[in-house]
Every structure is written in C-alpha cells, then in structure tokens.
Amino acid sequence: MIKVITYGTFDLLHQGHINILKRARALGDYLIVGVTTENFDITRGKINVSQSLMERMEAVRRTGLADEVIPEEYEGQKIDDIIRNNVSVFAVGSDWDGHFDYLNEYCKVIYLPRTEGISSSQLRDSNAIKVGVVGGDPTVYKLIEQAKKVNGLEISGLYSDEADIVLKADKAYKTFDALLAENDAVYVAVRPENRFEYISRALNSGKHVISESPISMDGKQAESLYRLAEEKKLILFDSIKTAYGLPFQRLVLLIKSGIIGEIKNIDVTCTSLEVKEWLKVTKYYSSFTGWGAVALLPVFKILGIDYESISFLTLNSDEFKDIYTKATLKYKDAVATVNVGVGVKSEGDLRISGTDGYIYVPAPWWKSGYFEVRFEDLAKNKRYFYENEGDGLRMELVRFVRSISDNANNYYLSDDISIAICKVMKQYKEAAI
Ligand code: CTP
C-alpha cells in the first residue's frame, strides 16, 4: 500500500485545498492529512487563522478525501510521522517548492501545482474591517505597520485635531465625522482625557472601538462606555498589547493552575526614558497616566480587582508632574507594588511571589517572550519561552477582528479590568494633583 502524507492549515477550506487533497490522494492508496495547530502556526508566524483546530480538522474530514486526519504540533514532526506511519510520498503545493527537500531522505517528495486565484488569506481579507485612527500618539505608526500583517483588517487613514502633533499619513481625514462615515471601527489614540468623548461618539455612530488604555480617566465614564457598546451590540476593546500576547496569557494561566501556590505579592515596574509628546502637553502629564494601565494589568489579572486600598507616592520634578510613582495595593490576602517612571530608567521586570515559589519575568516584562518559575529547590526551576509577534499588538488586532466577527466578549482583557484601571486613574488624580 502506498501511503501519502500532506500538511496545511486548511483555514476556511476552499477549492485550492480540495484540489490539492485530490491530487495528493491520486498519488497513492491511503492519505494522511496533518492539520497545523494554532500554537504551531503562531511559532511559524501565521497568527490570524480564523477557525479552531477542531473546525479545520472536521472540514478536512468532511471532504471524504482523507483516510486519516492528524494534528501537526511541532517543528520536526513531519519526519516522525513519515517514519512511524511508513509513508512513501510527501506531497505539498508548489508554493513550498524546494522547502521540504530535506524529507527526501525519508520518502519521495512531490510538489503539486497550486490552484491559482484563491487562498485562505484572500478569504479572510474579503470582508476586511475598515479602521480609521484618531489621535496624535506616535504609537499609531507601529499600529499601521502591524495591521498590514493582519488579514481581515485594513487601516484606512488618520484624523487628529491635537494640533500640536501632526502625524504623516497616506490618508488624512478632515473631520472625525468624515472618518466615522467611512469606517467600520475606530482606533482611539487621543490623549487620555479626550478618549471618553471620542469613544462615545464612535459608539453612538455604530462603530466598533479599540482604544489606548486607560479608555477614560474615570471609572464611571468607562462603565457607561461598556454599557453603551453592549446596548449597541458593538465591540469595545481596551488596547493593552501585553494582555493579548501569548507569553502573558500563558503566564496568567500557569499561575491560576497553582504552580507557585497562593499569590502573596506582585512587584511590577515599567519605565521609559522617552517622554511621549502628549504627556508633555496634557494637563494630566504623568508617568502613571502613561504606564499605569500596563503596570496594573498583571496585578488585576492575577489578584483580581477587589483591592481593599490603594496609595500613591509621587515624585514631581521642577519641569514635570509625576516623573515617578509608586502605587501600593492592599488585598485581603496579598499586596502589590506598581512602579512607573518616565524620564527615569529602572529594571522593568515583574515578580510574582507565591507560597510555593515565584515567577520572574525579565525586563521589559510587557514584551518578554520568556519567564522563569523558581523554587527553593533549584532543580525544580522551569523556563518558559513563547513567540510574541509584534509585542502583542498584532495578536490584539487579530483578537479584535475575531471578536467583531463572532460578536464575542473580550476574554483577554475583560470590561471589569478595563473599568478598574480607569477607577484607579481617578483615585490617582485625586491623590496626586
Ligand atoms: N494550496 C493550493 N492552492 C491554493 C491554496 C493552497 O494548492 N490556492 C495548498 C498549499 O500549497 C498547501 C495546502 O493547500 O499544500 C494547504 O495550504 P494552506 O496554507 O492551508 O492554504 P492557503 O490558502 O495557502 O493559506 P494562507 O493564505 O493562510 O497561506
């Protein structure tokens, strides 16, 4: 019996996939199809697959062309599959020409003609969500760059009335209303004190919103925004990139599974030497406005939002308010310290202390793809590595697109946490100004 094997993501199964399966099937008597898992796809840079592994495997099964459908989980698995299953032919589309020649050592490698004019990427793009960006925060350049790598989303242009900062853009809208008229969603990157107004206007015009964090400087306002989004059946996303990246998600799940026991303390630091333009000119200029949301993320994700008290220690310079803030949160069974600074440099690491051990995430923890779980007995220490494509920003956009298409809640950064961050901002303002 001649066994043939082929692999692919098979997202949104299309005619190109059916053709390749038929062609591969015709090369032998038994066809094994390997479908790549989400994790494996992420490690090879393919992050915006629309369907789950189960759905994709089921779709391949339903073609009736495969005798066996298996998941492909790791680099090098192809060799193992070929040897274990006694495979004679490895077949793949001609877009991979030459790429799998190393498998010739184990079986015959055949590159089959690819079907012209169709691909999963194209299908994902065909209903692309049009996003207009409002605001002058230079981070939008990074957003535009990362958005190009995400199927199903297209940044159409910019609008900014923060006249002191002018961004260069291919397309600049003359008014915010013009931006609203031409887009399905809005990315809000205006100064913190203006976000509430722009988010409200966008939601009231029936547009989905993704906004820099904090989404408002007041918890009550933030609550009203989420209520409005729900009433209008729209998605409102809080854009803390770290929350959407794989390393941070895995870190939180690992902690929830009890690997270091009960959590008693979190120490988190975020600093940057560069002073953001809007921080210089806004009346709420402060390191806490700039960094607070990111720094509070691990605290709220791990210890929850029901802290008993919070206090702030803020340092002002002659020139600026709040160049450094230490915020301390007291919970019933734990404590946390948040250190943030702008124009001051420190070790931007994250330490989470538990009753059985601790986790260390090295600087800059908010982008890190690596962390260590450490115990009293050094032999038990473990290191974890994950891909963090585009520092979480690309993944965030993928999640945003998927939330819109599935009309699903934001699992990665809940409304409660987003609102709690805004509440802290108000407490900070009252304490520091
Ligand atoms: N394939 C094909 N013709 C197409 C699309 C895919 O022959 N028009 C083949 C690929 O060469 C590969 C298999 O189908 O052998 C699975 O490809 P996959 O990457 O899942 O599909 P794409 O449509 O290429 O996906 P994407 O756009 O996400 O890269």
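Residues numbered from 1 in each chain as written. Predicted model: local features only at pLDDT ≥ 70, side-chain atom pairs only at ≥ 80, totals over all residues. Heavy atoms only, no water.

Colleague: I'd like a rundown of the site of the ligand, residues and numbers included.
Modeller: Close to the ligand lie 18 residues; Asp95, Thr115, Ile118, Ser120 and Ser121 are nearest. For the ligand, an oxygen atom lies 3.0 Å from a polar atom in the backbone of Gly93. Within the backbone of Thr115, an N or O atom sits 2.8 Å from a nitrogen atom of the ligand. Protein chains bury 92% of the 570 Å² of accessible surface belonging to the ligand in isolation. For the shell around the ligand, the secondary-structure elements that each account for two or more residues are helix H1 (15-25), strand S4 (89-93) and helix H5 (120-125). Partitioned by chemical class, the residues of the shell around the ligand number four nonpolar, ten polar and four charged. (Near = heavy atom within 4 Å. Polar contact = N/O pair within 3.5 Å; in protein donor to acceptor, adjacent residues only side chain to side chain. Areas by Shrake-Rupley, 256 points an atom, 1.4 Å probe, with all protein chains shown as cover. Helix = DSSP H or I, 4+ residues; strand = E, 2+ residues; numbered from the N terminus. Nonpolar A, V, L, I, M, F, W, Y, C, P; charged D, E, K, R; others polar.)

Colleague: Outline the packing of aromatic side chains, listing residues and values.
Modeller: Across all of its chains, the model carries 21 aromatic pairs by this definition. Ring geometry for Phe312 versus Tyr428: centroids 5.7 Å apart, planes at 70°, classification edge-to-face. With a gap of 116 residues between them, Phe312 in strand S12 (residues 309-315) and Tyr428 in helix H15 (residues 415-432) connect regions that are remote in the sequence. An aromatic cluster is defined as three or more aromatic residues linked by ring pairs; in this entry it consists of Tyr7, Phe90, Trp96, Phe100 and Tyr102. Taking NZ or CZ as reference, Lys3 lies 5.2 Å from the ring centre of Tyr30, over its face. Between Lys78 and the ring centre of Tyr7, over which it is positioned, the NZ or CZ distance is 4.9 Å. (Phe/Tyr/Trp six-rings, centres within 6.5 Å; stacked < 30°, edge-to-face > 60°. Lys NZ or Arg CZ within 6 Å of the ring centre and 35° of its normal.)

Colleague: Describe the state of the cysteines, listing the residues and the values that go with them.
Modeller: Considering all chains together, one arrives at zero disulfides under this definition. Not engaged in a disulfide, the cysteine Cys422 finds its nearest cysteine sulfur in Cys270; these two sulfurs lie 17 Å apart. Cys422 gets classed as buried once you look at its relative accessible area, which sits at 0%. (Disulfide = S-S within 2.5 Å. Buried < 20%, exposed > 50% of the residue type's maximum accessible area, 1.4 Å probe, protein only.)

Colleague: Describe the sheet that holds S4, naming the residues involved and giving the relevant values.
Modeller: As summarised here, the arrangement of the five strands in space is S3-S2-S1-S4-S5, forming an open sheet in which the pairing is parallel. What marks the edges here is a single partner per strand, and that holds for strand S3 (68-72) and strand S5 (108-112). When strand polarity is set aside, the average angle formed by the axes of neighbouring strands in this sheet is 25°. Where strand S1 (residues 3-8) lies against S4, two bridges are found, and the strand directions are parallel. (Pairing = 2+ DSSP bridges. Axes fitted to C-alpha atoms, helices over the stretch in contact; angles between N-to-C directions.)

Colleague: Run through the side chain of Ser200, naming residues and quoting values.
Modeller: Tracing the backbone through its elements, the reader meets Ser200 in helix H8 (residues 192-204). Separated by 2.7 Å, the side chain of Ser200 and the backbone oxygen of Phe196 make a polar contact. Apart from the residues lying within four places of it in its own chain, the contact partners of Ser200 are Leu225 and Leu228. (Contact = heavy atoms within 4.5 Å.)

Colleague: Lay out the packing of H8 against helix H9 (residues 219-231) with the relevant residues and their values.
Modeller: At a minimum axis distance of 10 Å, the contact between H8 and H9 shows a crossing angle of 15°. Taken together, the axis directions place H8 and H9 in an arrangement best described as roughly parallel. Considering the relative orientation of H8 and H9, their crossing is left-handed. Counted together, Phe196, Ile199, Ser200, Leu203 and Asn204 of H8 and Gln221, Ser224, Leu225, Leu228 and Ala229 of H9 form the full contact between these two elements. Looking at the contact of H8 with H9 residue by residue, the classes come out as six nonpolar, four polar and no charged. (Parallel < 35°, antiparallel > 145°, perpendicular 65-115°, else oblique. Left-handed = near helix turned anticlockwise from the far one by under 90°.)

Colleague: Could you give me a rundown of the sheet that holds strand S6 (residues 129-134), with the residues and numbers involved?
Modeller: Spatial strand order, S7-S6-S8-S9-S10: five strands in an open sheet with parallel pairing. Bordering the open sheet on either side are strand S7 (153-159) and strand S10 (236-239), each of which pairs with just one other strand. Neighbour-to-neighbour, the strand axes of this sheet turn through a mean angle of 20°, independent of strand direction. Note that strand S9 (residues 208-212) and S10 share four bridges and pair parallel. Pairing of Val209 across the sheet is with Leu236, part of S10. Each of S6, S7 and strand S8 (185-188) touches helix H6 (residues 140-147); the most contacted strand, S7, lies at about 155° to it.

Colleague: Tell me about the environment of Asn39, and name the residues and values.
Modeller: Among the secondary structure elements, Asn39 is positioned in helix H2 (residues 38-43). Looking at Asn39, the relative accessible area reads 35%, which means it is partly exposed. C-alpha of Asn39 to C-alpha of Glu387: the two residues are 348 residues apart in sequence and 9.3 Å apart in space. A polar atom in the side chain of Asn39 sits 3.4 Å from the side chain of Arg250.

Colleague: Break down a negative patch on the surface for me, citing the residues and quoting the values.
Modeller: Among the surface-exposed residues, Glu230, Glu231, Asp306, Asp415 and Asp416 lie close enough to one another that they form a single negatively charged patch. Looking at the negative patch, the elements with two or more residues in it are H9 and H15. Structurally, Glu230 is set in helix H9. (Patch = residues over 30% accessible without salt bridge, like charges linked within 9 Å, V, L, I, M, F, W, Y side chains within 5 Å. Salt bridge = Lys/Arg side-chain N within 4 Å of Asp/Glu carboxyl O. Lys, Arg positive; Asp, Glu negative; His and termini not counted. Charge placed at Lys NZ, Arg CZ, Asp CG, Glu CD.)

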